[in-house]
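What follows is each chain in one-letter form.
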Amino acid sequence: MLVTSFLFLSYGASPLQAYFALFHEPFGTLRGFGYSLVRTSPLALIALGTIVSWRSGFAYLGFEGCFVIGASATAWLALLAAPGARVGPIPFSLFLPLAILLGFIAGGVWAGLVGLVRARLGGNEVLISLMSNYVAIFILQYLVSGPMRAPGSLPETRPLPRTTWLPFVLPGTRAHAGILIAIAAAALVWMLLQKMPLGYELIVTGFNAAAARYAGIDVGRRILLAAFFAGGLGGLAGMVEVLGSQHRLMDGISGGVGFVGIVVALLARLNPVAVIPTALLYGGMTVGADAMQRRADIPSSITFILQSLAVLLVLAFDALRYYKINFAVFSRRTPPPAAEEVSE
Amino acid sequence: MKHTLEMKNIVKRFPGVLANNNVNFTIQAGEIHALLGENGAGKSTLMQILYGFHAMDSGEILIDGEPVHLGSPKDAIALGIGMVHQEFMLVRRFSVVENTVLGLREGGGPLLDLPRASKKLKDLSNRHGLAFDPAAEVGSLPIGVQQRVEIMKLLYRDARLLILDEPTGVLTPQEKDQLFAVLRKLREDGRSVVLVTHKLAEIMEIADRVTVMRDGQAVAMRPIGSTSEQELTRLMVGREVNLRAEKSGQKPGGPILQIENLRVRDETGHEKVRGVSLEVHSGEILGIAGVDGNGQSELAEAILHLREIRSGRVLLNGADVTGLSVAQHRTMGISYVPADRRHIGSVTEMSVADNAILGLQRKYTRGIFRGIREARESALGLVARFGIRTAGIDFAAGKLSGGNLQKLILGREIMRGAAALVVEQPTRGLDVGAVEAVWGELLRARQEGKAILLISTELEELLNLADRIAVMYEGRIMGVVDAAGASVEEIGLMMAGITAGGAPAAGSVNMEAHPGEIL
């Protein structure tokens with residue numbers, strides 16, 4: 001934060017005023033807070049997907065792809081459910097579970113393909129998942145400029161029928177039920193990883209695949225499952241964005257959220273409980289950045305610098321802690337005992 | 001006689017532990033000095049002080065009577081003190097010569113003069129009888145040769161005192177003999193060697209003097225000529241240890257685990273198990289002897305179906321389990337204690353409690369949830385029953401000592417109530433006290449009527465525990481002998497591939513055991 005203060009100064013603005021703008025708008029005003037929640041939901045869902053896959057030892061980076069695939073699938077479903085469309089209006093109580101299921105399965109299958117390559121053929125999931133993002137984005141571009149394009153100049157679909165929108169949860173704001181879906185997902189992921197035998201198996205697989213195999217865990221299948229869950233959560237993020245915020249499918253809908261979500265997961269130290277507050281802070285800062293640009297006349301990109309610095313500091317935290325301990329060794333000559341000495 | 005190096009009244013305190021308590025230690029030029037002690041006795045700490053890794057709290061270090069300051073390994077190297085760590089510090093993708101000059105600045109110029117370094121290395125290796133190719137990539141060399149590279153690195157820097165930390169733990173008997181030959185040469189050369197170990201037989205074989213450490217103190221220093229293994233054990237453990245396991249006379253029951261004509265390949269496609277047939281009876285320990293790498297590990301993994309079986313069958317209680325999954329093997333009653341307890345037998349990042357249910361995670365459940373309370377209770381029971389010394393069951397398993405971690409794994413595998421137990425190298429790297437405990441548990445399991453297949457490279461262990469010993473060589477069983485009447489010579493010959501008839505077995509000239517060796 002201190003570092004960023006200097007950046008603010010270089011724009012001739014008071015850092016305090018800038019920080020006030022950065023945090024007052026998203027957390028101090030109802031309208032801004034609503035916007036923060038809108039940003040939070042997809043970020044949190046993607047962060048949860050990251051946690052499931054990374055803790056299972058599957059370094060998946062394809063959340064952009066899952067996001068747009070999930071978004072496309074739900075938009076398709078929602079357009080089917082439009083009044084006058086082939087299927088006709090579906091009651092929301094039926095539509096929502098269907099949309100959740102479809103978004104989850106679409107994203108899950110998309111990531112599952114990468115999982116399949118890794119589990120059966122031993123491919124590198126980092127590369128393949130990164131590449132799969134582009135494929136998904138091109139599929140989206142094809143859809144919105146081809147079969148699903150609405151009449152008009154922009155590559156986007158018709159607006160989704162109001163009956164398929166996620167309900168707004170805070171009166172007077174744009175905050176929608178997606179945040180509730182994200183909170184529920186966080187609880188489910190926490191339960192899976194901490195409380196269920198399957199989660200235990202996933203974590204063992206992530207730590208040590210050889211030990212997992214020894215313990216009778218089918219490592220390939222667990223990785224496939226982790227990929228499916230992770231992709232499903234990414235797909236849900238797309239669903240939430242389309243039904244809750246954009247209300248139409250268009251090119252560039254993801255806006256990099258598939259990568260920012262990974263960053264949020266890292267900031268939360270891969271802990272599902274910490275994901276919602278972290279995503280809220282991160283989403284809020286994005287909202288605040290716009291406010292800051294308006295009030296203090298500072299480019300909103302400064303916020304990205306601040307956010308990136310925060311990530312670097314968190315990632316460096318382990319290293320910093322390590323150096324601190326070593327520092328103690330030399331200054332006070334009381335290093336922690338080696339493991340051998342403690343236990344014997 | 002002139003001392004080359006003296007450590008006087010060394011005190012080193014870690015929080016809660018007095019690691020070195022007034023330790024005196026002297027090394028003379030041209031001697032091999034063994035430093036003996038159990039894990040945690042303080043020998044590693046002492047050597048790390050000598051290597052400049054830790055700063056001592058009080059005491060002094062003198063070289064030829066002159067006090068010296070060792071603030072970092074750099075100081076130690078400048079004074080001619082070098083250390084070979086248990087884990088080699090080599091860049092696997094670099095060649096031998098690149099590894100050797102790593103961190104050195106020679107010749108002053110900005111460019112590396114590798115040909116010159118190679119030549120110097122060749123001269124040195126000829127002089128000391130360390131044969132290897134300077135251009136070979138280190139990662140492709142067998143462990144024993146990699147160790148020679150480590151020693152070579154020290155000689156290249158003209159170390160006068162070489163500290164070797166548990167150097168034989170990873171070596172085959174032949175590699176160990178080669179290492180000892182090198183050490184003798186170094187001694188002739190007037191250099192000093194400190195051998196940190198807890199293997200008594202090796203100390204008796206090669207050391208000139210031995211200093212025994214216990215609980216942070218140097219309890220005794222003895223010339224090898226005037227001591228015995230019994231005395232050293234007593235000094236090291238602080239009490240009489242009976243490493244003669246008392247086996248109860250008991251008649252084995254019916255066959256539990258039957259292996260029929262098993263053939264298994266390793267990752268590179270070499271056939272490592274070539275038609276092995278064995279039968280383990282209830283209440284019996286069948287030992288498998290053999291030099292490391294003769295197919296024992298592959299055999300054990302194949303029994304559990306952790307490794308693909310090319311042909312042959314595995315029967316448990318008469319039922320064919322050959323094609324079943326690992327999980328099915330486990331539920332049907334085969335337990336396995338793998339040789340690599342830190343990378344396969346346990347998940348070191350997870351707690352003791354979580355490791356205690358590894359492989360049992362589907363047993364401790366409540367509906368769709370984990371039965372966390374039941375699992376914790378069983379972990380507490382395991383800790384108590386097997387005397388596992390840990391700060392608690394939430395303590396990371398990786399922080400347990402080797403002996404305690406092994407007790408945890410062995411205990412877990414015994415307690416799951418399997419009829420057959422496959423145990424691989426159960427006491428490798430453990431100190432005497434832990435060996436005693438592990439042996440006791442194995443004999444107890446035998447008494448309970450389990451069928452135990454014990455794979456070990458330690459002949460002494462097999463002779464003490466096993467009812468029968470099968471000797472494995474190049475993937476084949478050379479013969480099965482009764483442990484009671486077995487002679488070490490007979491087993492030793494079979495381990496070298498020579499059958500009772502005197503003729504070497506087919507395939508004994510096969511070099512594929514070390515495909516990467518370049519000598």
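Residues numbered from 1 in each chain as written. Chains lettered and ligands numbered in written order. Predicted model: local features only at pLDDT ≥ 70, side-chain atom pairs only at ≥ 80, totals over all residues. Heavy atoms only, no water.

Comments concerning the overall build of chain B
A count of helical and extended segments in chain B gives 16 helices and 22 strands. Taken over the C-alpha trace, chain B has a radius of gyration of 25 Å; the compact-globule value for 519 residues is 24 Å, and the two agree within 12%. Across the 519 residues of chain B, 52% fall into the buried class. A separation threshold of at least 6 residues defines the contact pool for chain B, and within that pool the share at least 24 residues apart is 67%. The averaged location of the 64 negative side-chain charges in chain B is 3 Å from the averaged location of its 60 positive side-chain charges. (Helix = DSSP H or I, 4+ residues; strand = E, 2+ residues; numbered from the N terminus. Rg over C-alpha atoms; globule rule 2.2 N^0.38 Å. Buried < 20%, exposed > 50% of the residue type's maximum accessible area, 1.4 Å probe, protein only. Contact = heavy atoms within 4.5 Å. Lys, Arg positive; Asp, Glu negative; His and termini not counted. Charge placed at Lys NZ, Arg CZ, Asp CG, Glu CD.)

Here we look at the overall build of chain A
Summing up its helical and strand segments, chain A has 14 helices and 0 strands in all. When the helices and strands of chain A are placed in sequence order, the string is α-α-α-α-α-α-α-α-α-α-α-α-α-α. Here the contacts in chain A between residues at least 6 apart in sequence split such that 74% fall between residues at least 24 apart. A total accessible area of about 15,200 Å² is found for chain A, and carbon and sulfur atoms account for 69% of it. (Areas by Shrake-Rupley, 256 points an atom, 1.4 Å probe, with all protein chains shown as cover.)

Looking at helix 2 (residues 15–28) of chain A
Residues and elements named next belong to chain A. If you check which residues of helix 2 are buried, you get Pro-15, Ala-18, Tyr-19, Ala-21, Leu-22, Glu-25 and Pro-26. All buried residues of helix 2 fall inside an arc of 155 degrees around its axis, so they share one side. With respect to the buried face of helix 2, the exposed residues turned more than 90 degrees away are Leu-16 and Phe-20. (Arc of directions from axis to C-beta.)

Describing the sheet that holds strand 19 (residues 420–424) of chain B
Residue and element names in this part refer to chain B. Taken together, the 6 strands give an open sheet; going across it, the order is 16-19-20-13-21-22, and neighbouring strands pair in mixed fashion. Lying at the two open borders of the sheet, with one neighbouring strand each, are strand 16 (334–337) and strand 22 (476–482). Looking at each pair of strands side by side, their axes are set apart by 20 degrees on average, direction ignored. Relative to strand 21 (residues 468–473), strand 13 (residues 284–289) is paired through 4 bridges, and the arrangement is parallel. Bridging across to strand 21, Gly-287 finds its partner in Ile-469. (Pairing = 2+ DSSP bridges. Axes fitted to C-alpha atoms, helices over the stretch in contact; angles between N-to-C directions.)

So, the side chain of Glu-201 of chain A
Tracing the chain through its elements places Glu-201 of chain A in helix 8 (residues 197–207). In this structure Glu-201 of chain A comes out as buried when scored by relative accessible area, which is 3%. What Glu-201 of chain A contacts, discounting residues up to four positions off in sequence, is Ile-217 and Arg-222 of chain A together with Gln-361 and Arg-362 of chain B.

Here's the deal with the confidence of the model for chain A
Scored by pLDDT, chain A has a mean of 84; 86% of the residues are at 70 or more. This stretch, residues 322–344 of chain A, has a pLDDT under 50; its non-local contacts, to residues over four places away or in other chains, come to 38 contacts. (pLDDT = per-residue confidence, 0-100.)

Re the environment of His-198 of chain B
All names here are of chain B. Take His-198: it is sitting in the loop between strand 8 (192–197) and helix 7 (200–206). Taking the relative accessible area as the measure of exposure, His-198 reaches 9% and is therefore buried. Separated by 133 residues in sequence, His-198 and Thr-331 place their C-alpha atoms 38 Å apart. In this structure His-198 touches Leu-36, Gly-37, Asn-39, Glu-166, Met-236, Gly-429, Leu-430 and Asp-431, once residues within four positions along its chain are discounted.

A short note on the packing of aromatic side chains
Residues and elements named next belong to chain A. Tallying each qualifying case throughout the model produces 8 aromatic pairs over all chains. Ring geometry for Phe-58 against Tyr-60: centres 5.7 Å apart, planes inclined by 10 degrees, an arrangement best described as stacked. Classification of Phe-58 as buried rests on a relative accessible area of 0%. Between the aromatic rings of Phe-104 and Phe-228, the centroid separation amounts to 5.7 Å while the plane-to-plane angle is 75 degrees, which identifies the pairing as edge-to-face. Separated by 124 residues along the polypeptide, Phe-104 in helix 5 (residues 92–121) and Phe-228 in helix 10 (residues 219–246) bring together distant segments of the chain. (Phe/Tyr/Trp six-rings, centres within 6.5 Å; stacked < 30°, edge-to-face > 60°.)

Looking at the pairing of strand 12 (residues 271–281) of chain B
All names here are of chain B. Bridging between strand 11 (residues 255–265) and strand 12 involves 8 bridges; their strand directions are antiparallel. Paired with Leu-262 across the bridge in strand 12 is Val-276. Counting the residues between successive antiparallel strands, the hairpin from strand 11 to strand 12 contains 5 residues, one of them, Gly-269, with a positive phi of roughly 90 degrees.

Thoughts on the sheet that holds strand 8 of chain B
Residue and element names in this part refer to chain B. An order of 6-7-8-3-9-10 is seen for the 6 strands of this open sheet, with the pairing classed as mixed. Pairing within the sheet leaves two strands with one partner each, and these edge strands are strand 6 (81–84) and strand 10 (217–223). On average, adjacent strands in this sheet sit at an angle of 20 degrees to one another, irrespective of strand direction. Summarising the sheet, strand 3 (residues 32–36) and strand 9 (residues 209–214) pair through 4 bridges and their orientation is parallel.

Let's talk about the packing of helix 2 of chain A against helix 3 (residues 30–55) of chain A
Residues and elements named next belong to chain A. Direction vectors running N to C along helix 2 and helix 3 enclose 85 degrees, while the axes themselves pass 5 Å from each other. On the basis of their axis angle, the class for helix 2 and helix 3 is roughly perpendicular. On the side of helix 2, the interface is formed by Glu-25, Pro-26, Phe-27 and Gly-28, while helix 3 contributes Leu-30, Arg-31, Gly-32, Phe-33 and Ser-36. (Parallel < 35°, antiparallel > 145°, perpendicular 65-115°, else oblique.)

Some thoughts on the environment of Asn-271 of chain A
Residue and element names in this part refer to chain A. Along the chain, the position of Asn-271 falls in the loop between helix 11 (257–267) and helix 12 (272–295). As a C-alpha pair, Asn-271 and Ser-245 span 26 residues in sequence and 27 Å in three-dimensional space. A polar contact of 3.1 Å, which involves the side chain of Asn-271, links it to the backbone nitrogen of Val-273. (Polar contact = N/O pair within 3.5 Å; in protein donor to acceptor, adjacent residues only side chain to side chain.)

Quick look at the interface of chain B and chain A
For interface size, the figure often reported is the accessible area lost on association. Listed per partner, the contact involves 49 residues of chain B and 31 residues of chain A. Across the chain B to chain A interface the summed buried area is about 3,300 Å²; carbon plus sulfur atoms make up 61%. Our count for the chain B to chain A interface comes out at 1 salt bridge. Connecting chain B to chain A are 11 residue pairs in polar contact (both at pLDDT 80 or more). Elements represented by at least two residues in the side of chain B that touches chain A include exactly strand 1 (3–14), helix 1 (43–50), helix 10 (326–332), strand 16, helix 11 (352–356), strand 18 (369–370) and helix 13 (402–415) of chain B. Considering each element in turn, the side of chain B that touches chain A owes the most residues, 4 residues, to helix 13 of chain B. For the side of chain B that touches chain A, a count of residues per class yields 22 nonpolar, 13 polar and 14 charged. (Buried area = accessible area lost by both parts, 1.4 Å probe. Salt bridge = Lys/Arg side-chain N within 4 Å of Asp/Glu carboxyl O. Nonpolar A, V, L, I, M, F, W, Y, C, P; charged D, E, K, R; others polar.)

With respect to the pairing of strand 22 of chain B
Sheet faces and side chains relate simply in a regular strand, where the side chains alternate between the two faces. All names here are of chain B. Alignment of strand 21 against strand 22, held across 6 bridges, turns out to be antiparallel. What sits directly across from Arg-468, in strand 22, is Asp-482. What sits between the antiparallel neighbours strand 21 and strand 22 is a turn of 2 residues, in which Glu-474 has the positive phi angle 50 degrees.

Re a nonpolar patch on the surface
All names here are of chain A. Among the surface-exposed residues, Leu-101, Ile-105, Val-109 and Leu-113 lie close enough to one another that they form a single nonpolar patch of about 360 Å² accessible area. Relative to the helices and strands, Val-109 is located in helix 5. Judged by relative accessible area, Val-109 falls into the partly exposed class, the value being 45%. (Patch = residues over 30% accessible without salt bridge, like charges linked within 9 Å, V, L, I, M, F, W, Y side chains within 5 Å.)

A short note on the confidence of the model for chain B
All names here are of chain B. Looking at chain B, the pLDDT average stands at 85 and 92% of residues meet or exceed 70. Low confidence marks residues 502–519, where pLDDT is under 50. Its contacts with residues over four positions away, or in another chain, come to 26 contacts. This prediction of the complex comes with two scores: 0.75 for pTM and 0.80 for ipTM.

Considerations on the environment of Pro-255 of chain B
Tracing the backbone shows Pro-255 of chain B in strand 11. Overall, Pro-255 of chain B belongs to the partly exposed group, its relative accessible area being 37%.

Things to note about the pattern of salt bridges
Under the defined criterion, the tally for this structure stands at 31 salt bridges over all chains. Note that Glu-201 of chain A is salt-bridged to Arg-222 of chain A, the shortest N-O span being 2.6 Å. Linking Glu-201 of chain A in helix 8 with Arg-222 of chain A in helix 10, this pair joins segments that are 21 residues apart in sequence. Lys-176 of chain B is paired through a salt bridge with Glu-205 of chain B; the nearest N and O atoms lie 3.3 Å apart. In this pair, Lys-176 of chain B is assigned in helix 6 (residues 173–188) and Glu-205 of chain B in helix 7, connecting sequence segments 29 residues apart.

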